[in-house]
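# Coordinate inspection notes
The residues making up each chain are set out below.
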Amino acid sequence: MVNYINENFDRHIVTVEDPIEYYHTHKKSIINQRAVGIDVPSFGEALRRVLRQDPDVILVGELRDLETIEAAVRAAETGHLVFSTVHTTSAAGTITRLIDVFPVNQQEQIRIQLSSNLIAVLSQALCPLANGRGRVAAYEFMVVTPAIANLIRENKTYRIDSSIQTGRKLGMQLLDDHLWNLYDTGKVTKEEMLDKSRDPGALQDKATAKLRISVKAAKGKLPKTKKIEDAGPILRT
């Protein structure tokens, strides 16, 4: 995303990483990269200093602690586009993780701040391809709509998954839905799908039902007006 902005927009981008993973050259944007422990002492201190450099976009390598999260939220509140990473496996889990870092007496305030400033959450898991020739990313994507912002504000993150399911027209999807699509098209094995799934029981039942339909179609037990293809791809386990 940083490279896309660099290639297409005239912006000032500052990254704070530990360590710097990719070196970017100036294209349409100006990019300054800072390494924690070399250029700056910590993520929190770097974010305080970076606001004096008039950036448009800030990349924080990782939201590790309370100080860093506070500084990142403060930068977003002042109109900067902030990217960062958190070690979570779902969009709702990311929200919960950020809020739980704060003391109980501050959690109500951070909910309000996140509901007002968060734009989107992308969670991903890398899965080996079924043919053994690389990996493919399974991802969950959430756009913070007014409905989801209200759920964050009211501490009802357990209902976020339902909002993601109803927000497909905005490009949102759950991790399990994408895992199923990868398995259904033969890109990953059933074992890998179930291993990365948040609800393996539901996907196991779905795979079993789909396989049963495919087997019946292959044996000619479907009506003659039906074709095998109508049952969907035959699963390979």
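What you see is a predicted model, and the numbers here were worked out from it, not measured in a lab. (Residues numbered from 1 in each chain as written. Predicted model: local features only at pLDDT ≥ 70, side-chain atom pairs only at ≥ 80, totals over all residues. Heavy atoms only, no water.)

Quick look at the overall build of the protein now. Of regular secondary structure, the protein possesses 10 helices and 6 strands. Referenced to the eigenvectors of the C-alpha coordinate spread, the extents of the protein come out at roughly 70 × 40 × 30 Å. Within the protein, buried positions represent 40% of all 237 residues. Considering only intrachain contacts with a sequence separation of at least 6, the fraction spanning at least 24 residues in the protein is 48%. Accessible surface computed for the protein: about 13,800 Å², of which carbon and sulfur atoms make up 51%. Distance from the positive charge centre (32 side chains) to the negative charge centre (29 side chains) of the protein: 10 Å. (Helix = DSSP H or I, 4+ residues; strand = E, 2+ residues; numbered from the N terminus. Buried < 20%, exposed > 50% of the residue type's maximum accessible area, 1.4 Å probe, protein only. Contact = heavy atoms within 4.5 Å. Areas by Shrake-Rupley, 256 points an atom, 1.4 Å probe, with all protein chains shown as cover. Lys, Arg positive; Asp, Glu negative; His and termini not counted. Charge placed at Lys NZ, Arg CZ, Asp CG, Glu CD.)

What the 4 strands build is an open sheet, ordered 2-1-3-4; its pairing is parallel. One side of each edge strand has no neighbouring strand; the edge strands of this open sheet are strand 2 (30-35) and strand 4 (81-84). This sheet shows a mean twist of 15 degrees between the axes of neighbouring strands, independent of strand direction. (Pairing = 2+ DSSP bridges. Axes fitted to C-alpha atoms, helices over the stretch in contact; angles between N-to-C directions.)

A side chain with one charge may pair with a side chain of the opposite charge, provided their charged atoms come close. Applying the stated criterion across every chain, the model contains 13 salt bridges. The salt bridge involving Arg48 is made with Glu67; its shortest N-O contact spans 3.0 Å. Residue Arg48 is found in helix 2 (residues 43-50), and its partner Glu67 is found in helix 3 (residues 66-77); the two are separated by 19 residues along the sequence. Residue Arg48 is classed as partly exposed on the basis of its relative accessible area of 38%. (Salt bridge = Lys/Arg side-chain N within 4 Å of Asp/Glu carboxyl O.)

Another point: the packing of aromatic side chains. Per the stated rule, a full pass over the model turns up 2 aromatic pairs. Look at Trp180 and Tyr183: their rings are 5.7 Å apart centre to centre, the planes differ by 65 degrees, and that puts the pair in the edge-to-face class. Of this pair, Trp180 and Tyr183 both sit in helix 8 (residues 175-184), separated by 3 residues, roughly a single helical turn. On the basis of relative accessibility, which here comes to 7%, the residue Trp180 falls in the buried class. (Phe/Tyr/Trp six-rings, centres within 6.5 Å; stacked < 30°, edge-to-face > 60°.)

Right, let's talk about the packing of helix 3 against helix 5 (residues 104-117) for a bit. Their axes nearest at 10 Å, the elements helix 3 and helix 5 cross at an angle of 45 degrees. The orientation of helix 3 with respect to helix 5, classified from their angle, is oblique. Judged by the twist between their axes, the crossing of helix 3 over helix 5 is left-handed. Judged by residue contacts, Glu70, Val73, Ala76 and Glu77 of helix 3 engage Gln106, Ile110, Gln113, Leu114 and Asn117 from helix 5. Split into classes, the residues belonging to the contact of helix 3 with helix 5 amount to 4 nonpolar, 3 polar and 2 charged. (Parallel < 35°, antiparallel > 145°, perpendicular 65-115°, else oblique. Left-handed = near helix turned anticlockwise from the far one by under 90°. Nonpolar A, V, L, I, M, F, W, Y, C, P; charged D, E, K, R; others polar.)

Summary statistics for the protein give a mean pLDDT of 89 and a share of 91% for residues scoring 70 or more. When pLDDT is averaged over each helix and strand of the protein, the minimum, 83, is found for helix 10 (residues 200-218) and the maximum, 96, for helix 6 (residues 146-153). (pLDDT = per-residue confidence, 0-100.)

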